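# Close look at the chain arrangement
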Amino acid sequence: MRPGLARFGATLALLVAGAAQADPPPPAPPGKAPAVGLDSLLKLPPAGSAVGEARVGGATRQEWEQRFATARGDVDAAQKAIDKAQQELGELAKGTENWQMSAPGAQAANAENSPVSYRLRQEIRKQREELGSAERRLTDLEVEANLAGVPEDWIRPPDAAPAKPKPAPDL
């Protein structure tokens, strides 16, 4: 063994031993990264200690999944409200004849112009606006997640099949 290499090995051993016995570094001033001691880098964390949960885009997997579940729930609720109002409107229309005619300007006493029908049509319009808003919020969340680099399995619902990889374009 060469003398320089032996001296280097001995110096390294002294540095590691000294770092292991040294006091922990003082806390970092605000705005700067904390100093990390060599001894903390060379030791494994104690058994049973919780390792920090991964954060992507400022949120954990559970937080991203909760955000997407809430956004999808809003879309589903708005769609169900539209379906319910359309079903009620369809049931109301079943009781009338398809070809009811009246003089122009005269108020026909049919179900299409009744106050109940008007209420249902307004409800459908309102729910369609809510559905559009909920879909925009879901799209915005998807864009935010994609820009933050959130993994695909954090984004898709738990019951959805994994996304198929996109084929490479032919050159």
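Described below are features of the structure shown in this document. Note that this is a predicted model, so its numbers are computed, not measured.

### Things to note about the overall build of the protein
Summing up its helical and strand segments, the protein has five helices and two strands in all. Mapped from its N terminus to its C terminus, the protein presents α and β elements in the order α-α-β-β-α-α-α. Expressed as a percentage of the 171 residues in the protein, the buried residues total 16%. Carbon and sulfur atoms make up 58% of the accessible area of the protein, which totals about 13800 Å².

### Quick notes on the nonpolar core
In terms of nonpolar packing, the biggest core is built from 16 residues, with Trp 64, Phe 68, Ala 145 and Val 150 touching the most fellow members. When residues of this core are traced back to their parent elements, those giving at least two are helix H3 (61-94), helix H4 (115-148) and helix H5 (152-155). For this core, the element with the highest residue contribution is H3, accounting for six residues. When neighbours within four sequence positions are excluded, Phe 68 is seen to be in contact with Leu 138, Leu 141, Glu 142, Ala 145, Trp 154 and Ile 155.

### Notes on the packing of aromatic side chains
According to the stated counting rule, one finds one aromatic pair in the structure shown. Ring geometry for Trp 64 against Phe 68: centres 6.4 Å apart, planes inclined by 35°, an arrangement best described as tilted. With Trp 64 and Phe 68 both in helix H3 and four residues apart, this pair spans about one turn of that helix. In this structure, Trp 64 and Phe 68 share a single accessibility class: buried. Here the guanidinium or amino end of Arg 67 rests over the ring plane of Trp 64, the centre of that ring lying 4.7 Å away.

### Here we look at the pattern of salt bridges
For the structure on display, the rule yields eight salt bridges. Here Arg 137 ties to Asp 74 by a salt bridge, and the two come within 3.6 Å at their closest N and O atoms. Here Arg 137 is found in helix H4, whereas its partner Asp 74 is found in helix H3, with 63 residues between them in sequence. Residue Asp 74 is classed as partly exposed on the basis of its relative accessible area of 32%. Ionic pairing is found between Arg 119 and Glu 88, a salt bridge with its closest N-O pair at 3.8 Å. Within this pair, whereas Arg 119 is found in helix H4, its partner Glu 88 is found in helix H3, the two being separated by 31 residues in sequence. According to the relative accessible area criterion, Arg 119 is partly exposed, its value standing at 45%. Take Glu 88: its relative accessible area is 29%, and that puts it in the partly exposed class.

About the criteria used
Per-chain numbering applies: the sequence of each chain, read as written, is numbered from 1 onward. At least 70 in pLDDT is required for a residue's local features to be given in this predicted model, at least 80 for side-chain atom pairs to be given and counted, and no such filter applies to totals for whole chains, interfaces and linings, which use all residues. Hydrogens and water are ignored here; the side-chain numbers use all heavy atoms of the structure. Numbered from the N terminus, helices here are DSSP runs of H or I no shorter than four residues, and strands are runs of E no shorter than two. A simple rule labels every residue: compare its accessible area, found with a 1.4 Å probe on the protein chains alone, to the largest value its type can have, and call it buried under 20%, exposed over 50%, or partly exposed in between. Values of accessible area rely on a 1.4 Å probe in the Shrake-Rupley scheme; residue burial ignores everything except the protein chains shown. Take the buried residues of types Ala, Val, Leu, Ile, Met, Phe, Trp, Tyr and Cys, join any two whose side-chain atoms come within 4.5 Å, and each joined set is a nonpolar core. In what follows, a contact means two residues having at least one pair of non-hydrogen atoms within 4.5 Å. Two aromatic rings, drawn from Phe, Tyr or Trp (for Trp, its six-membered ring), form a pair once their centres lie within 6.5 Å of each other, and the interplanar angle then sorts them: stacked below 30 degrees, edge-to-face above 60, tilted otherwise. Lysine and arginine charges are scored as sitting over a ring when NZ or CZ, respectively, is within 6 Å of the ring centre and within 35 degrees of the ring normal. By convention in these notes, a salt bridge is any Lys or Arg side-chain nitrogen within 4 Å of a carboxyl oxygen on Asp or Glu.

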